[in-house]
Amino acid sequence: GESVGLHLPTLSVQEGDNSIINCAYSNSASDYFIWYKQESGKGPQFIIDIRSNMDKRQGQRVTVLLNKTVKHLSLQIAATQPGDSAVYFCAECRNRDDKIIFGKGTRLHILP
Amino acid sequence: DTEVTQTPKHLVMGMTNKKSLKCEQHMGHRAMYWYKQKAKKPPELMFVYSYEKLSINESVPSRFSPECPNSSLLNLHLHALQPEDSALYLCASSQAPGQGIEQYFGPGTRLTVT
């Protein structure tokens, strides 16, 4: 079965609020965890990654948290905007090799 | 130029047809990828090319035949496909083999097999 998955298929958030998208993984041997964003009609777009020896990493308006104890990954988006509307995939990568395994995806809806 | 382009955007083909999907990048990336994405599903890796050589084949049926003519181009040749092969085919590239975490994806070719 899949080693990376997501808790919720759809998440609705009020514009301006913070969004939290969650992901569970099963392979503790993965070295990197990654978030990709896929807007309608487009290919996935890299957002941020985190190495397995870290528990938090911040980017522009985004923060990724990694809890290795419970094998949980989350993406926090601050002050959600209409342009954040997309499907968000978590993914894992082992040993920096070329194979990324994508999780199931969460669709983020932004409410006006 | 940070763009990966794919042609055609849409393709309808019969099960006896032969067609090709094309992908191009001019970022100097030396790793290129083909993914298949069914509706409401995540992308699934098909092939990886590293320095123009096939490095990963995820047990893809032989009716899909990849080709990397040079470091900027990636093709996917299609022959005798089945209706279940209908999907969005995504091409991606990354700077180098071993740096596949940040991949740049094209918009995809939406393939319908009739």
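Scroll up for the structure.
Structure report, in brief. (Residues numbered from 1 in each chain as written. Chains lettered and ligands numbered in written order. Predicted model: local features only at pLDDT ≥ 70, side-chain atom pairs only at ≥ 80, totals over all residues. Heavy atoms only, no water.)

### What to know about the overall build of chain B
Basically, it comes down to this: Numbered from the N terminus, helices here are DSSP runs of H or I no shorter than four residues, and strands are runs of E no shorter than two. As defined in this context, the radius of gyration uses C-alpha atoms, and a globule is described by 2.2 Å times the residue total to the power 0.38. With a 1.4 Å probe rolled over the protein chains alone, any residue whose accessible area is under 20% of its type maximum counts as buried; one over 50% counts as exposed, and the rest are partly exposed. Should any heavy atoms of two residues lie within 4.5 Å, those residues are counted as being in contact. Only the protein chains shown count as covering a residue, and every accessible area follows the Shrake-Rupley method with a 1.4 Å probe.
Each helix and strand counted, chain B has zero helices and 11 strands in total. Taken from N to C terminus, the helices and strands of chain B fall in the order β-β-β-β-β-β-β-β-β-β-β. Relative to the 2.2 N^0.38 estimate, which gives 13 Å for 114 residues, the radius of gyration of chain B is 13 Å and therefore close to what a compact globule would have. For chain B, the spread of C-alpha atoms along the three principal axes comes to 35 × 25 × 25 Å. Taking all 114 residues of chain B together, the buried fraction comes to 49%. Of the contacts formed within chain B by residues at least 6 apart in sequence, a portion of 55% connects residues at least 24 apart. Just so you have it, chain B exposes about 5,500 Å², and 49% of that area is on carbon and sulfur atoms.

### Some remarks on the pattern of salt bridges
Residues and elements named next belong to chain A. Definition in use: Salt bridge criterion: a side-chain nitrogen from Lys or Arg within 4 Å of a carboxyl oxygen from Asp or Glu.
Under the counting rule described, the total for this entry stands at seven salt bridges over all chains. Glu 39 is the salt-bridge partner of Lys 42, the closest N and O atoms lying 3.9 Å from each other. The class for Lys 42 is partly exposed, based on a relative accessible area of 46%. Note that Asp 84 is salt-bridged to Arg 61, the shortest N-O span being 2.9 Å. One end of the pair, Asp 84, is in the loop between β8 (72-77) and β9 (86-93); the other, Arg 61, is in the loop between β6 (56-58) and β7 (62-67), and 23 residues separate them in sequence. With a relative accessible area of 29%, Arg 61 lands in the partly exposed category.

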